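If you want the building blocks of each chain, they are given just below.
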Amino acid sequence: MNNKELVRTAMTRLFGQRDLGALDDYWDPGYVQHNPRMPNGLGFFRQIIPSLPADFRYEPGLVLEDGEFVSIHGRYINWSGKTMIGVDIFRVKEGRFVEHWDVIQEEVPATQSLTGNAMFPIA
């Protein structure tokens, strides 16, 4: 499995299927987090994933790879009551996520944007 497939699979398992086993399969125990609202390590995910609302959904989108860095554009539906569009960037080393950055914002429907363009998905 290449790094692009690895990221899509891991994110779908963890967020889409709420499969905490994905953490053991794809995330490094020493995972370094660059999101200032999340701690390093895996404990945060082990707490937050089971607490997501029943109608939470994750939709993966475009995946890009540049060496050991892989980014995935995704939609998080009902993340703290909002639909968020994010780009998660992972540094992948030996098949494991060792580092993470993200950019995330609330989705604005195309009908409410200045351009009429949708934020997700990228076609």
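Note that this is a predicted model, so its numbers are computed, not measured.

Looking at chain direction, strand E2 (residues 57-66) and strand E3 (residues 69-79) are connected through eight bridges and run antiparallel. Counted as the bridge partner of valine 63 is isoleucine 72 from E3. Between E2 and the antiparallel strand that follows it, E3, lie two residues; glycine 67 among them carries a positive phi value of about 65 degrees.

This brings us to the packing of aromatic side chains. Going through the model one piece at a time under the given rule, you end up with 15 aromatic pairs. A centroid spacing of 4.7 Å and a plane angle of 75 degrees characterise the contact between tryptophan 27 and phenylalanine 97, whose relative ring orientation is edge-to-face. Within this pair, whereas tryptophan 27 is found in strand E1 (residues 27-33), its partner phenylalanine 97 is found in strand E5 (residues 96-106), the two being separated by 70 residues in sequence. Chaining the aromatic ring pairs together yields one cluster made of Phe15, Trp27, Tyr31, Phe44, Phe45, Phe56, Tyr58, Tyr76, Trp79, Phe90 and Phe97.

In this section: the side chain of arginine 75. By the secondary structure assignment, arginine 75 is in strand E3. A polar atom in the side chain of arginine 75 sits 2.7 Å from the side chain of glutamate 107.

A cluster of nonpolar side chains, contributed by Leu62, Leu64 and Ile122, occupies part of the molecular surface with about 260 Å² of accessible area. Examined against the element boundaries, isoleucine 122 turns out to sit in the segment after E5.

Here we come to the pairing of strand E4 (residues 82-93). Relative to E4, E3 is paired through nine bridges, and the arrangement is antiparallel. Pairing of valine 70 across the sheet is with phenylalanine 90, part of E4. The hairpin formed by E3 and E4 contains two residues between the paired strands, and serine 80 there has a positive phi angle of roughly 55 degrees. In this sheet, E5 lies alongside E4 in antiparallel orientation, the contact comprising 10 bridges. Directly across from aspartate 88, in E5, lies its bridge partner aspartate 102.

About the thresholds
- Along every chain, residues carry numbers that run from 1 in the direction the sequence is written.
- Since the coordinates come from a predicted model, pLDDT governs what is reported: local features require at least 70, and pairs of side-chain atoms require 80 or more to be given and counted, while whole-chain, interface and lining totals use all residues.
- Excluded from the side-chain calculations are hydrogens and water; all other atoms, namely the structure's heavy atoms, are used.
- Strands are labelled as partners when DSSP assigns at least two bridges between them.
- What counts as a helix is a DSSP run of H or I of at least four residues, what counts as a strand is a run of E of at least two, and both are numbered from the N terminus.
- Paired rings are identified among Phe, Tyr and Trp, the last through its six-membered ring, by centres lying within 6.5 Å, and are further divided according to the angle between planes into stacked (under 30 degrees), edge-to-face (over 60) and tilted (the rest).
- Whenever a nitrogen or oxygen atom comes within 3.5 Å of another N or O atom, the pair is scored as a polar contact, on the condition that within protein one atom can donate a hydrogen and the other can accept it, and that pairs from neighbouring residues in sequence are kept only if both atoms are in side chains.
- Patch criteria: residues need more than 30% relative accessible area and no salt bridge. Like-charged residues are merged within 9 Å; nonpolar side chains of Val, Leu, Ile, Met, Phe, Trp and Tyr are merged within 5 Å.
- Using the Shrake-Rupley algorithm and a 1.4 Å probe, accessible areas are obtained, with residue cover drawn only from the displayed protein chains.
- We count a salt bridge whenever a side-chain nitrogen from Lys or Arg sits within 4 Å of a carboxyl oxygen from Asp or Glu.

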